[in-house]
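Listed below, chain by chain, are the residues.
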Amino acid sequence: QVQLVESGGGLVQAGGSLRLSCAASGRTFSTYTMGWFRQAPGKEREFVARITRSGGSTYYADSVKGRFTISRDNAKNTVYLQMNSLKPEDTAVYYCAAGRLIGSLKSDYDYWGQGTQVTVSS
């Protein structure tokens, strides 16, 4: 069992930056692929980024590529999402997730955090 707690969300102006953190419980954090997803009001939850167990490989949705960076610190059981050049369309609840597979589908992930709100004003 893995418990995930996100933090770092908030209100930012367009063009600004935020860094989200996701702290995981347990001693098995390094055995999971970690992902970030987001869900805007009235929309489906969508994939944002993922990072493999060692941190050696990352993958991004086209909508955030070049602006967002996912990273992890296995010693701290934490995954991060650095978000730069934020746009109003990035407004959503952001969720971190842990899974045994390497994928971009919600079904590839077994554990989810409660989410943190990111609001980007124009």
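Residues numbered from 1 in each chain as written. Predicted model: local features only at pLDDT ≥ 70, side-chain atom pairs only at ≥ 80, totals over all residues. Heavy atoms only, no water.

1. Looking at the side chain of Glu6
Here is step 1 of the chain: Following the sequence through the fold, Glu6 ends up in strand S1 (residues 4-7).
Here is step 2 of the chain: Of the buried charged residues, Glu6 lacks a salt bridge, with Arg45 as the closest side chain of opposite charge at 7.3 Å.
Here is step 3 of the chain: A distance of 3.0 Å separates a polar side-chain atom of Glu6 from the backbone nitrogen of Gln114.
Here is step 4 of the chain: Here the side chain of Glu6 touches Gly115 through a polar contact of 2.9 Å, landing on its backbone nitrogen.
Here is step 5 of the chain: Residues within four places of Glu6 in sequence aside, it is in contact with Ser21, Cys22, Trp36, Tyr94, Tyr95, Cys96, Gly113, Gln114, Gly115 and Thr116. (Helix = DSSP H or I, 4+ residues; strand = E, 2+ residues; numbered from the N terminus. Buried < 20%, exposed > 50% of the residue type's maximum accessible area, 1.4 Å probe, protein only. Lys, Arg positive; Asp, Glu negative; His and termini not counted. Salt bridge = Lys/Arg side-chain N within 4 Å of Asp/Glu carboxyl O. Polar contact = N/O pair within 3.5 Å; in protein donor to acceptor, adjacent residues only side chain to side chain. Contact = heavy atoms within 4.5 Å.)

2. Re the state of the cysteines
Here is step 1 of the chain: Counting across every chain of the model gives one disulfide.
Here is step 2 of the chain: A sulfur-sulfur distance of 1.9 Å marks the disulfide that ties Cys22 to Cys96. Disulfide Cys22-Cys96: torsion about the S-S bond near 45°, hence right-handed. You can see Cys22 sitting in strand S3 (residues 18-24) and its partner Cys96 sitting in strand S9 (residues 92-99), a full 74 residues away along the chain.
Here is step 3 of the chain: On the basis of relative accessibility, which here comes to 0%, the residue Cys22 falls in the buried class.
Here is step 4 of the chain: Residue Cys96 is classed as buried on the basis of its relative accessible area, which comes to 0%. (Disulfide = S-S within 2.5 Å.)

3. Here we look at unusual backbone geometry
Here is step 1 of the chain: A positive phi angle, close to 55°, is found at Asn77, a residue other than glycine.
Here is step 2 of the chain: Position of Asn77 relative to the elements: it lies in the loop between strand S7 (68-73) and strand S8 (78-83).
Here is step 3 of the chain: Asn77 sits in the buried class, given a relative accessible area of 17%.
Here is step 4 of the chain: One non-glycine residue, Ser85, lies in the positive phi region at around 50°.
Here is step 5 of the chain: Its location among the elements puts Ser85 in the loop between S8 and S9.
Here is step 6 of the chain: For Ser85, a relative accessible area of 40% corresponds to the partly exposed category.

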